[in-house]
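# Structural features, examined
Here is how the chains run, residue by residue.
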Amino acid sequence: MRIERASRLVVVLAVLFLGNTLLAAPKLPGIGPAMQEMIAKNEIAGAVTVVVSKDKVLHLEANGLADVAAKKPMKPDMLVWVASMTKPITGTAILMLQDEGKLNVSDPVAKYLPEFAALKTPSGKPANLTITQILTHTSGLGEASGPDAQKAKTLADLMPLWLAAPMQYEPGEKWKYTQSGINAAARIVEVVSGMTFDLFLQKRLFDPLGMKHTTFYLTPKMRSQLVTAHAKNKETHLLEPVPPRSDFGWPNNPPQGNGGLYSTGPDYARFCQMLLNGGTFKGHRYLSSTAMKFLTTPQTGDLPTGFFQNSNHGTNYGWGLGTCILRAPHEGVAAMLSPGSYGHGGAWGTQAWIDPAKGVAYILMAQRSNFPNSDASDVRAAFQQAAANALMKH
């Protein structure tokens, strides 16, 4: 009985300590009110915001609700689907293998996935896709879709579907966001490392970085900590719940490098700190300085890229291996960022942007499903601007 009581006391103290640690986290002035304004406008139900330097958490705050119907408050350590914020992690995995001499990003994909050798471009030429092309959305590779894609249990199951789909354009001709290319890169990680993609990331990145809550596969307990996604009703302008994704997070889903990860704000912030530190974190090196250049400098030449091409800002951006890179700031969400800032957003409003010139990273965790363009959201702009203003005053 005494042992049981002691054990219960330890658990209670641990919970209180964790709770107090999160409650005592630093808060930059202005960010909370900016998020509360977005919540009042029904842009989002709630958000977790994080700002980090190379070695410190400068800001960690939760605002609003994780579930509107249940009136469940948002907490800093709640899980969200980070969607395409998985892509920089996929690029990192490839570059870790390059650092070990096991591949080169200029290599043909067919060197590791022999089935790609037969792939033909729309003009009938051999495609000869490179790893760089599949990670920079310049490959022209066809997408996997339909019932067969939904039945896939592994990345290997998806490969025949990519190859059966007609190529979209001649490789290197233009930039077009392509999910299959990123997943092909994840499959290369599996072939080269001899581990499933999820296991490779767990052993090589998540465990060493202390990203304890980042995963492709949600346990029942994790699902209880998952933020509910909401969509804004176009007529009432109210937020309504959206069902969880069926293609991500479940045991039978492939560990998709394009968008399969779930994480928390503090977890993803650790990944950002590693990048801010030039590939190191707490004395452990994850990426060489050479590898970092592939994440932080454009690999797409003069091609217009990114999600702002409709507003004539395609040339403001270049693409690294799984990262979007800001060449020149422009009004809106990029106004407060320095040239050379890089990162990625997710479909449901998550964002992570690293500004090496200022030595900070901005991480936003929200779950709204029908943003017209989550990278251009008012929520992202309000958060980053409030954070930049606060940092300037300090």
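Everything numeric in this text was worked out from a predicted model, so none of it was measured.

## Let's talk about the sheet that holds strand S1 (residues 46-52)
As summarised here, the arrangement of the eight strands in space is S3-S2-S1-S14-S13-S12-S11-S10, forming an open sheet in which the pairing is antiparallel. Two strands bound the open sheet, and with one partner strand each, they are strand S3 (72-73) and strand S10 (317-319). Across three bridges, S10 lies against strand S11 (residues 324-326) in antiparallel orientation. Its bridge partner being in S11, tyrosine 317 is matched across the sheet by leucine 326. Relative to the sheet, helix H12 (residues 378-393) contacts S1, strand S2 (57-67), strand S13 (351-355) and strand S14 (360-365), its axis offset from that of S14 by approximately 145 degrees.

## As for the packing of aromatic side chains
Aromatic ring pairs: the centre-centre distance and the angle between the two ring planes describe each pair. With the rule as written, the count across this model stands at twelve aromatic pairs. Centre to centre, the rings of phenylalanine 308 and tyrosine 317 are 5.5 Å apart; their planes meet at 15 degrees, and the pair counts as stacked. Using a relative accessible area of 3% as the deciding quantity, one classes tyrosine 317 as buried. Members of the aromatic cluster, connected to one another through ring pairs, are Trp175, Tyr177, Phe307 and Trp319. Directly above the ring of phenylalanine 371 sits arginine 368, whose terminal nitrogen or CZ lies 4.3 Å from the centroid.

## Observations regarding the pattern of salt bridges
This model, assessed by the stated rule, comprises nine salt bridges. In this structure, glutamate 37 and lysine 41 form a salt bridge, with 3.4 Å as the shortest nitrogen-oxygen distance. Assessed through its relative accessible area of 48%, lysine 41 is described here as partly exposed. A salt bridge links glutamate 190 to arginine 187; the shortest N-O distance between them is 2.9 Å.

Parameters at a glance
Residues numbered from 1 in each chain as written. Predicted model: local features only at pLDDT ≥ 70, side-chain atom pairs only at ≥ 80, totals over all residues. Heavy atoms only, no water. Pairing = 2+ DSSP bridges. Helix = DSSP H or I, 4+ residues; strand = E, 2+ residues; numbered from the N terminus. Contact = heavy atoms within 4.5 Å. Axes fitted to C-alpha atoms, helices over the stretch in contact; angles between N-to-C directions. Phe/Tyr/Trp six-rings, centres within 6.5 Å; stacked < 30°, edge-to-face > 60°. Buried < 20%, exposed > 50% of the residue type's maximum accessible area, 1.4 Å probe, protein only. Lys NZ or Arg CZ within 6 Å of the ring centre and 35° of its normal. Salt bridge = Lys/Arg side-chain N within 4 Å of Asp/Glu carboxyl O.

Keep in mind these values describe shape, not function.
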